[in-house]
Amino acid sequence: SPQQTATAGELFSDPFTIGDDLIGMVIAGANDPESIHVALRLSGTELRAVPSGPELAHAQWDVSEYRGERAQLVIRDLNPSIDQGISVAGFYYVF
């Protein structure tokens with residue numbers, strides 16, 4: 001059988017301008033809020049969304065106070081355990 005390798009790291013989006021009041025996402029993953037989450041970085045602040053379990057679920061941020069500002073998405077998995085991790089199926093504006 002193939003051997004699995006544990007990995008950890010961060011994935012950063014290109015910076016973008018927030019164009020609406022709500023940003024939604026579909027995420028799944030381990031319950032490890034400090035190490036495994038999706039973050040939105042903007043003007044010295046980091047908003048976080050934490051997976052609620054292994055099934056994909058919708059989550060959202062109210063970013064109305066940051067509309068028009070530059071931001072960056074971060075998918076973060078800093079837990080090197082092979083049985084932990086995060087899945088992200090997409091990001092979208094909620095209308």
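For the structure given in this document, a descriptive report is provided here. (Residues numbered from 1 in each chain as written. Predicted model: local features only at pLDDT ≥ 70, side-chain atom pairs only at ≥ 80, totals over all residues. Heavy atoms only, no water.)

1. A closer look at the overall build of the protein chain
Basically, it comes down to this: Secondary structure elements follow DSSP: runs of H or I of four or more residues count as helices, runs of E of two or more count as strands, with numbering from the N terminus. The buried label applies to any residue whose accessible area, calculated with a 1.4 Å probe on protein chains only, is under 20% of its type's maximum; exposed applies above 50%, and partly exposed to all values in between. Two residues form a contact once any of their heavy atoms are found within 4.5 Å. Per-residue and other accessible areas follow the Shrake-Rupley method at a 1.4 Å probe size, with only the shown protein chains counted as cover for residues. Charge counting follows a simple rule: Lys and Arg are positive, Asp and Glu are negative, and His as well as the terminal groups are ignored. Charge coordinates come from a single atom per side chain, which is NZ of Lys, CZ of Arg, CG of Asp or CD of Glu.
The number of helices and strands found in the protein chain is zero helices and eight strands. Counting only C-alpha atoms and orienting by the principal axes, one finds that the protein chain spans roughly 50 × 25 × 20 Å. Within the protein chain, the proportion of its 95 residues that are buried is 34%. For the protein chain, the share of sequence-separated contacts (at least 6 apart) that also reach a separation of at least 24 residues comes to 77%. Accessible surface for the protein chain amounts to roughly 5700 Å². Of this, 50% is attributable to carbon and sulfur atoms. One way to put it: in the protein chain the 5 positive side-chain charges average out to a point 7 Å from where the 13 negative ones average out.

2. Notes on the environment of Ala49
Mapped onto the elements of the fold, Ala49 is located in strand S5 (residues 45-49). Distance from Ala49 to Ile75, taken between C-alpha atoms, is 9.8 Å for residues 26 residues apart in sequence. Discounting residues that sit within four places of it in the chain, Ala49 has contacts with Met25, Ile27, His37, Val38, Ala59 and Trp61.

3. What about the nonpolar core?
Convention followed: Residues enter a nonpolar core if they are buried and are Ala, Val, Leu, Ile, Met, Phe, Trp, Tyr or Cys, with the set joined through side-chain atoms within 4.5 Å.
Residues Ile18, Leu40, Trp61 and Val63 are the most contacted members of the largest nonpolar core, which totals 14 residues. For this core, the secondary structure elements donating two or more residues are strand S3 (22-29), strand S4 (36-42), S5 and strand S7 (70-77). Beyond its immediate stretch of four places on either side in the chain, Ile18 contacts Leu40, Leu42, Val63, Tyr66, Arg67, Gly68, Glu69, Ala71 and Tyr93.

4. Side note on the environment of Ala8
With respect to the helices, strands and loops of the structure, Ala8 is situated in the segment before strand S1 (9-12). We classify Ala8 as partly exposed; its relative accessible area is 49%. Remark: the alpha-carbon pair of Ala8 and Ala28, spanning 20 residues in sequence, is separated by 16 Å. Residues within four places of Ala8 in sequence aside, it is in contact with Asp77, Leu78, Asn79 and Pro80.

5. Things to note about the pattern of salt bridges
Heads up, the condition is: Any carboxyl oxygen of Asp or Glu that lies within 4 Å of a side-chain nitrogen of Lys or Arg is treated as forming a salt bridge with it.
A full pass over the atoms with the stated rule returns seven salt bridges. Of the charged contacts, one joins Glu10 and Arg76 as a salt bridge, the two residues approaching to 2.5 Å between their closest N and O atoms. With a gap of 66 residues between them, Glu10 in strand S1 and Arg76 in strand S7 connect regions that are remote in the sequence. For Glu10, a relative accessible area of 38% puts it in the partly exposed group. Taking the relative accessible area as the measure of exposure, Arg76 reaches 5% and is therefore buried. One network of salt bridges, in which partners are shared, links Glu10, Glu34, Arg41, Glu46, Arg48 and Arg76.

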